[in-house]
Amino acid sequence: MRNSRTAGASTPVVDPRRFRVYRWSRGRLGGHLPGRRDARILLLDHVGAKSGVRRTSPVMYVEAGDAVAIAASKAGQPVHPAWFHNLEANPDTVIQIGGQVLPVRARVADPGERDRLWPEFVTAVPDFAFYQRQAGQRVIPVVLLEPR
């Protein structure tokens, strides 16, 4: 398993040991953003659209009925994160939430779903409002990960 990396020299590389700790502890360690209990983290496996390399990215999520939703914010950068493009090319994937490993199919939320879910991201992590302003014309997509 390779670590997550997105384009941009200032983008930090996520230490793959964090994934092992998350998996080993079944999400008790690394399962939420520090200091923000409502900001829950899942591990998203995805396959490179061009490279075919399997990667894992920690991503904040909100519940959306039987599915979970993730936001392709890339902290407000003008382009989508690499994992978003990877899921467009390979939507069938696996996530880990806590100790549960779940097969899912990714799809971009329609505008009504996004409008309903976006405030939940902002409530959990107010920085998401800044990310959307920072993104300019780019509307940050919300991706639904639905059980397969």
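Quantities reported herein were computed from a predicted structural model and do not represent experimental measurements. Along each chain, numbering runs from 1 in the same order as the chain's sequence is written. Local features are withheld for residues below a pLDDT of 70 in this predicted model, meaning they are given only at 70 or higher, and side-chain atom pairs are given and counted only at 80 or more; totals for whole chains, interfaces and linings count all residues. Side-chain measures were taken over the full set of non-hydrogen atoms in the model, leaving aside hydrogen atoms and water.

Caption draft 1: Quick look at the overall build of the protein. Labels follow the DSSP assignment, with helices taken as runs of H or I lasting at least four residues and strands as runs of E lasting at least two, numbered in each case from the N terminus. Along its length, the protein carries 4 helices and 7 strands. Listed by position from the N terminus, the elements making up the protein come as α-β-β-β-β-α-β-β-α-α-β. For the protein, the share of sequence-separated contacts (at least 6 apart) that also reach a separation of at least 24 residues comes to 61%. Note on areas: Shrake-Rupley with a 1.4 Å probe; residue coverage comes only from the protein chains shown. Carbon and sulfur atoms form 53% of the exposed surface of the protein, whose accessible area is close to 8300 Å². Here, residues are in contact when the closest pair of their heavy atoms is within 4.5 Å.

Caption draft 2: Geometry of the nonpolar core. Counting 22 residues, the largest nonpolar core has Met60, Ala69, Leu117, Trp118, Phe121, Phe128 and Val142 as its most contacted members. Considering every element that reaches this core, the biggest residue donor is helix α3 (residues 111–124), with 4 residues. Grouped together as the second largest cluster of nonpolar side chains are 16 residues, Ile70, Val104, Val143 and Leu145 included. Take the buried residues of types Ala, Val, Leu, Ile, Met, Phe, Trp, Tyr and Cys, join any two whose side-chain atoms come within 4.5 Å, and each joined set is a nonpolar core. Burial classes follow relative accessibility: with a 1.4 Å probe on protein chains only, a residue under 20% of its type's maximum area counts as buried, one over 50% as exposed, and anything between as partly exposed.

Caption draft 3: Structural context of the side chain of Asn86. Tracing the sequence through the fold places Asn86 in helix α2 (residues 82–89). Since its relative accessible area comes to 7%, Asn86 is described here as buried. Other than its neighbours up to four places away in sequence, Asn86 contacts His46, Val47, Gly48, Ala49 and Arg55.

Caption draft 4: Molecular detail of the packing of α3 against helix α4 (residues 127–134). Working convention: axes come from line fits to C-alpha atoms, limited for helices to the stretch in contact. Angles between N-to-C directions cover 0 to 180 degrees. At a minimum axis distance of 7 Å, the contact between α3 and α4 shows a crossing angle of 120 degrees. Here α4 runs oblique to α3, going by the angle between their axes. In this structure, α3 uses Arg114, Trp118, Phe121 and Val122 to contact α4, whose residues at the interface are Phe128, Ala129 and Gln132. Class assignment for the residues of the contact of α3 with α4 results in 5 nonpolar, 1 polar and 1 charged. Should an angle fall under 35 degrees it is called roughly parallel, over 145 degrees roughly antiparallel, and 65 to 115 degrees roughly perpendicular, with every other angle called oblique. The nonpolar class holds Ala, Val, Leu, Ile, Met, Phe, Trp, Tyr, Cys and Pro. Asp, Glu, Lys and Arg form the charged class, and all remaining residues, Gly among them, are polar.

Caption draft 5: Geometry of the side chain of Arg114. Among the structural elements, Arg114 can be located in helix α3. Only four residue types enter the tally: Lys and Arg on the positive side, Asp and Glu on the negative side, with His and both chain ends excluded. By salt bridge we mean one thing: a side-chain nitrogen of Lys or Arg within 4 Å of a carboxyl oxygen of Asp or Glu. Although Arg114 is buried, it forms no salt bridge, and the closest oppositely charged side chain is Asp115 at an N-O distance of 4.5 Å. Those residues in contact with Arg114 that sit more than four places away from it in its chain are Ala109, Pro119, Gln132, Val139, Ile140 and Val142.

Caption draft 6: Local environment of the confidence of the model for the protein. Chain-level statistics for the protein give a pLDDT mean of 88 and a share of 89% at 70 or above. As a per-residue measure, pLDDT tells how confident the predictor is, with possible values from 0 to 100. Residue range residues 1–13 is modelled with pLDDT below 50. Its contacts to residues more than four positions away, or to other chains, number 28 contacts.

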